[in-house]
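Spelled out, the chains give:
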Amino acid sequence: MQLTILGGGGFRVPLVYRALLADQERTISEVVLYDVDAGRLDAIRRVLAALGGGALPVRATTDLDEALTGAAFVFSAIRVGGLRGRVVDERVALAAGVLGQETVGAGGIAYGLRSVPESLRIADRVAALAPDAWLINFTNPAGLVTEAMSGLLGDRVIGICDSPTGLVDRVLKALRVTPDRVRIDYAGLNHLGWLYGVHDAAGRDLLPGLLADEPLLQTIEEGRLFGNLRELGAVPNEYLHYYYDPAGTLDAVRSAPQTRGAFLREQQERCYHEIAAREPLEAWRDAWREREATYMSENRSLTGAGEREQDESRPAGYEGVALAVMRALARDEPATLILDVRNRGTLSILDDDAVVEVPCRVDARGAAPLPVAPLPGHAVDLVRAVKATDRLILAAVATGSRDAAVRAMATHPLVGDPEIGARLVDAYRAELPELAYLT
Ligand code: G6P
Ligand code: MN
């Protein structure tokens, strides 16, 4: 089976390739890399060759139609506007006094306004050239982009993120239970979800025990990041930190020597240069370790959460989720995974077509959401507000309306003001050629 990776010159592609090589069953027999940047494609090809020595054939192209033809799976992990765009997303927001995170708040909206049009173009080509392929979407903002693509591809597009899987993995490890022994309530939107139930075979909820055990909570990242988990009755996704402490996180980002995007842009330039100049695998691996170690470092230093946990032996990571999805779909090996799919009645506060992030049963027929308990009361308004923002972003893309984009900004809880919203949209439009369509 052919896997086509869009954004094939991307930095995380070697992780996916490594996971495919480790798959005994060889679910995927050929990898096609597509990217707009031939130089990055070539660099990543060299890393893959060093990883696999040709054990799993790789083809690379800058022609989208050629890449999609013959695909059984399409993995989309593109970054429209590259890290240049991410830096602008951050800088413009910070200048207006609001958060400019990659996927959260003003930065996430600007990114969505770039990602969605391109993802729709891709979905259109997939529908024409590989109508039976499964599209696994990691392109951020992943929930929004998956919802946009689902209008053209229906349930053949499935969104993924490594964050909820990592959270659940840490919690189950702390509770000393394995995933096959429990049923979990995790729900929300991408980068806006909560774990609020871990039920054992006897129907007992194990989560309150963990939430009441402060020393045990301190052993997991989320326990150190958030202070009030017992009160909340849930373990929030790490991205909720921006909503629960907007002033503190904004301050931490502002006082950091560099934004995340600026740091990554420099690091990536160095890394891609070194891949070409010296041993490719080592250059990539060093940069990867550094990137992992510094992930969300402002949030962790703000709360004294300490070093990021590194457990390379556990199958977390987005490549693990991607491979698990592909295996379940291709081999009809049922799996339960937290994914971004259409709601279909799972969360009563949202309509059926809203893409939500919930546990799903995946098999050859696709990913179907499993029932979960209703969202905790404190989550409801937040989920509604962010979904309303997403819908305004989709409207802005569909109509090219600057006003809709301004309303999206104003609707988001971390902006919440039409005047700031208007200033943001105009500043983004002035700096990002990809947003020229907003008039
Ligand atoms: C996690 C999130 C992704 C996000 C990434 C950012 O993996 O799930 O959605 O893009 O972190 O990491 P970075 O190293 O780019 O800051
Ligand atoms: Mn994610």
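Everything here concerns the structure above.
These numbers were taken from a predicted model, which means no experiment stands behind them. The numbers attached to residues start from 1 for each chain and follow its sequence in the written order. Chains carry letters and ligands carry numbers; both start at the beginning, A for chains and 1 for ligands, and go up in the order they are written. In keeping with the predicted nature of the model, local features appear solely for residues at pLDDT of at least 70, side-chain atom pairs appear and are counted solely at 80 or more, and the whole-chain, interface and lining totals rest on all residues. Hydrogen atoms and water are omitted, and side-chain values are computed over all heavy atoms in the structure.

Student: Describe the overall build of the protein chain, with residues and values.
Tutor: The helix and strand tally for the protein chain stands at 20 helices and 12 strands. Taken over the C-alpha atoms alone, the protein chain extends approximately 55 × 50 × 40 Å along its principal axes. Using a 1.4 Å probe on the protein chains alone, a residue whose accessible area is under 20% of its type maximum counts as buried, one over 50% counts as exposed, and one in between counts as partly exposed. Counting across all 439 residues of the protein chain, residues that qualify as buried make up 58%. Residues count as neighbours in contact if any of their non-hydrogen atoms are within 4.5 Å of one another. Considering only contacts in the protein chain between residues 6 or more positions apart, those separated by 24 or more positions represent 70%. Only the protein chains shown count as cover for residues, with accessible areas throughout obtained via the Shrake-Rupley method and a probe of 1.4 Å. Surface exposure of the protein chain reaches about 17,400 Å², of which carbon and sulfur atoms provide 50%. On the protein chain, the mean spot of the 47 positive side-chain charges and the mean spot of the 61 negative ones are 1 Å from each other. The secondary structure listing takes helices from DSSP runs of H or I that are at least 4 residues long and strands from runs of E that are at least 2 residues long, numbered from the N terminus. Under the convention used here, Asp and Glu are negative, Lys and Arg are positive, and both His and the chain ends fall outside the count. Note that the charge is assigned to NZ on lysines, CZ on arginines, CG on aspartates and CD on glutamates.

Student: Describe the site of ligand 1, listing the residues and the values that go with them.
Tutor: Taken together, the neighbourhood of ligand 1 is formed by Arg12, Arg86, Glu102, Asn140, Cys161, Asp162, His191, Tyr239, Arg260, Leu264, Arg291 and Tyr295. Polar contact is defined as a pair of N or O atoms within 3.5 Å, subject to the rule that within protein one atom must be able to donate a hydrogen and the other to accept it, and that residues adjacent in sequence are counted only when both atoms are side-chain atoms. At 3.1 Å from an oxygen atom of ligand 1 is found a side-chain nitrogen or oxygen belonging to Arg12. Considering ligand 1 on its own, with 390 Å² of exposed area, one finds that the protein chains cover 95% of that surface. Put simply, Ala, Val, Leu, Ile, Met, Phe, Trp, Tyr, Cys and Pro go in the nonpolar bin, Asp, Glu, Lys and Arg in the charged bin, and everything else, Gly too, in the polar bin. The residue makeup of the shell around ligand 1, split by class, is four nonpolar, two polar and six charged. The rule for a residue being near a molecule or strand is that one of its heavy atoms must lie within 4 Å of it.

Student: Explain the packing of aromatic side chains to me, using residue names and the numbers behind them.
Tutor: Only Phe, Tyr and Trp rings take part, Trp by its six-membered ring, and two of them pair if their centres are within 6.5 Å. Stacked means planes under 30 degrees apart, edge-to-face means over 60, and tilted covers everything else. Applying the stated criterion to the full structure yields seven aromatic pairs. Relative to Trp284, the ring of Phe11 lies with its centre 6.3 Å away and its plane at 50°, an arrangement referred to as tilted. Remark: Trp284 occurs in helix α15 (residues 280-293) and Phe11 occurs in the loop between β1 (2-6) and α1 (13-22); sequence separation between them is 273 residues. With respect to class, Phe11 is no different from Trp284; both count as buried. The interplanar angle of 45° and the centroid separation of 6.1 Å between the aromatic rings of Phe11 and Trp288 together place this pair among those described as tilted.

Student: Before we move on, could you go through the packing of helix α4 (residues 82-95) against helix α5 (residues 105-129) and cite the residues and values that matter?
Tutor: Axis lines are fitted to C-alpha atoms, over the contacting stretch for helices. Their N-to-C directions set the angle, which ranges from 0 to 180 degrees. Direction vectors running N to C along α4 and α5 enclose 140°, while the axes themselves pass 8 Å from each other. It follows that α4 is oblique to α5 by the angle criterion. The hand of the α4/α5 crossing is right-handed. On the side of α4, the interface is formed by Gly85, Arg86, Asp89 and Ala93, while α5 contributes Ala106, Gly107, Ala110, Tyr111 and Arg114. What sets the label is the angle itself: under 35 degrees gives roughly parallel, over 145 gives roughly antiparallel, 65 to 115 gives roughly perpendicular, and the rest give oblique. Here a crossing is called left-handed whenever its near helix is offset anticlockwise from the far helix by less than a right angle, and right-handed whenever the offset is clockwise.

Student: Report on helix α14 (residues 260-277), specifying residues and quantitative values.
Tutor: Expected span of a helix, by definition, is 1.5 Å for each gap between consecutive residues, and there is one gap fewer than residues. Spanning 18 residues, α14 covers 25 Å between terminal C-alpha atoms, matching the ideal 26 Å at 1.5 Å per step. Buried within α14 are the following residues: Arg260, Gly261, Ala262, Phe263, Leu264, Gln267, Gln268, Cys271, Tyr272 and Ile275. Looking at the buried positions of α14, the neighbouring elements they touch are α2 (38-52), α4, α15 and α16 (297-303).

Student: Residues and numbers for α4, please.
Tutor: For α4, with 14 residues, the first-to-last C-alpha span of 21 Å sits near the 20 Å given by 1.5 Å per residue. The element α4 is extensively covered by neighbouring structure, given that 10 of its 14 residues are classed as buried. Within α4, the full set of buried residues consists of Leu83, Gly85, Arg86, Val87, Val88, Asp89, Glu90, Val92, Ala93 and Leu94. On its buried face, α4 is in contact with α5, α13 (246-255), α14, α15 and α20 (418-431). Once α4 finishes, Gly97 follows within two positions and takes phi at roughly 85°, a positive value.

Note that all results are geometric; they support no functional claim without further evidence.
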